[in-house]
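For reference, the chains in residue letters:
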Amino acid sequence: MQQKPSYCRKLFWSMLYISAFTFGGGFVIIPLIRKKFVDQLQWLSEEDMLDIVAMAQSSPCAVAMNVASQTGYRIASVRGTVAAVAGTVILPFVWISIISLCYDAFRTSPIADVFLRSMQPAVAAVIFAAALSMLKPIRDRKKASSWLMFAAGLALGLCGLNVIWILLVGAVFGAAASLWEVKRHAAG
Amino acid sequence: MLLADLFWSFLKVGLFSFGGGMVSITLISQQVVTQKGWLTASTFNDPIAIAESTPGPIAVNAATFVGMQLAGLPGAIIATIAAILPGCAISLGLGLLYQRYRKLTLVQGMMDGLRPVVVATIFVGGLTIMRNALLIGGALELAAIDWLSVATFIVCFILARKTKLSSVCLIVGGGIVGGIIRLLLGL
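What counts and what doesn't
Residues numbered from 1 in each chain as written. Chains lettered and ligands numbered in written order. Predicted model: local features only at pLDDT ≥ 70, side-chain atom pairs only at ≥ 80, totals over all residues. Helix = DSSP H or I, 4+ residues; strand = E, 2+ residues; numbered from the N terminus. Buried ≥ 20, exposed ≤ 12 C-beta atoms within 10 Å, placed from the backbone. Contact = placed C-beta atoms within 7 Å. Core = buried A, V, L, I, M, F, W, Y, C linked by C-beta atoms within 7 Å. Nonpolar A, V, L, I, M, F, W, Y, C, P; charged D, E, K, R; others polar. Axes fitted to C-alpha atoms, helices over the stretch in contact; angles between N-to-C directions. Left-handed = near helix turned anticlockwise from the far one by under 90°.

**Here's the deal with the overall build of chain A**
Item 1. For chain A, the count of helices and strands is nine helices and zero strands.
Item 2. Each helix and strand of chain A, ordered N terminal to C terminal, gives the series α-α-α-α-α-α-α-α-α.
Item 3. Dimensions of chain A along its principal axes, counting C-alpha atoms only, are 70 × 45 × 25 Å.
Item 4. Taken over 188 residues, chain A has a buried fraction of 54%.
Item 5. Of all intrachain contacts in chain A linking residues separated by at least 6 positions in sequence, the fraction that spans at least 24 positions is 57%.

**Here we look at the nonpolar core**
Item 1. Of all hydrophobic cores here, the largest spans 106 residues; its most connected members are A:Ala125, A:Val126 and A:Ile127.
Item 2. With 16 residues, helix 4 (residues 58-101) of chain B is the single largest residue contributor to this core.

**Remarks on the interface of chain A and chain B**
How big an interface is tends to be reported as the loss of accessible area on association of its parts.
Item 1. Across the boundary between the two partners, chain A contributes 89 residues, which contact 85 residues of chain B.
Item 2. Those elements that provide at least two residues to the side of chain A that touches chain B are helix 2 (29-40), helix 3 (46-58), helix 4 (63-101), helix 6 (110-134), helix 7 (136-139), helix 8 (143-157) and helix 9 (163-187) of chain A.
Item 3. Its residues assigned to classes, the side of chain A that touches chain B comprises 62 nonpolar, 24 polar and three charged.

**What to know about the environment of B:Gly173**
All names here are of chain B.
Item 1. Mapping Gly173 onto the fold places it in helix 7 (residues 167-185).
Item 2. With 18 C-beta atoms packed within 10 Å, Gly173 lands in the partly exposed category.
Item 3. Residues Gly173 and Thr152, 21 residues apart in the sequence, show an inter-C-alpha distance of 9.9 Å.

**Quick look at the packing of helix 6 of chain A against helix 6 (residues 147-162) of chain B**
Item 1. Running from N to C, helix 6 of chain A and helix 6 of chain B cross one another at 35°; their axes reach a closest spacing of 8 Å. Handedness of the helix 6 of chain A/helix 6 of chain B crossing: right-handed. Here A:Ser118, A:Pro121, A:Ala122, A:Ala124, A:Ala125, A:Val126, A:Phe128 and A:Ala129 of helix 6 of chain A come into contact with helix 6 of chain B, specifically with B:Ser149, B:Thr152, B:Phe153, B:Cys156, B:Phe157, B:Ala160 and B:Arg161.

**Structural notes on the environment of B:Gly56**
Item 1. With respect to the helices and strands, the residue B:Gly56 is situated in the loop between helix 3 (41-53) and helix 4.
Item 2. For B:Gly56, a count of 28 C-beta atoms within 10 Å gives the class buried.
Item 3. What B:Gly56 contacts, discounting residues up to four positions off in sequence, is A:Ser19, A:Thr22, A:Pro92 and B:Asn61.

Following this line, the structure appears as structure tokens:
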């Protein structure tokens, strides 16, 4: 974990840039942050990224905001959190404030609508590509991890269960498995 | 005390919206429409539409919008801070706990259990966006397939996997190229 102010500055500007492009919900921020901090800067590992998303989803409120604050914390502790959250919140805030003043013009603009609609498939593609990269630390693990992933995917996608319950089951399952492992080693 | 009211309402929204954007929207609607009567149900659709078509998390955007409508810039600032405060504080707390206890087998086991679930949520999140993007109205029918979107998806996916192009380039590029083709073809 680094403490230097230069990390905080880089965090702030990176998040400011990223937050300008997080159209269409919280998950978009995951591929963007992964690309920046795992691929480009290499400040975080693939596993770090998974842990960040896990903790972000276990906290209430907007996933994107929590992902930003976790990323900041991992890289430069509490100061990093402040830098990352400030960077993430400023642009959308300014943007919404302006739009809410001239909303009718924005709503009736066909160009904005076409542009947004055309961006959606690209957003989905980028999320899938990131998810595939994040699959690697799961596949390197025991088989049970892959099964857990399939089960969670089915529960979420088909049954529409709230994410928080599935996370809870995953955490309990993982904790139980680790305790069982410890016991087995102690016995044998 | 409209500002204090706003702060308190969005703090509650921020605190209890576990599980993503749509949960927050429901909570905000309960607070803003049902309980306080600040907005009518039909004007409440505006912040949702805006929040979906602008960058940034839906819950935070909706807070900014409602705050701005009710009490101008101070309202927007207060509501936004209230909406992000609980999530950031709690996730920061989890981060601190994790730093301290990550060496414990139990904690490592928990994270081992959480990671596959997280990957699954990202896949399902991508799938939801994909369904709405590739199928007009999200209907599972052959006639509803938007072929231009399918093409955009495939090209962007290949570029994301095979090249070092940034995700921002792909999203903005996909929007501009797809948008121009759509406008030219009159789709």
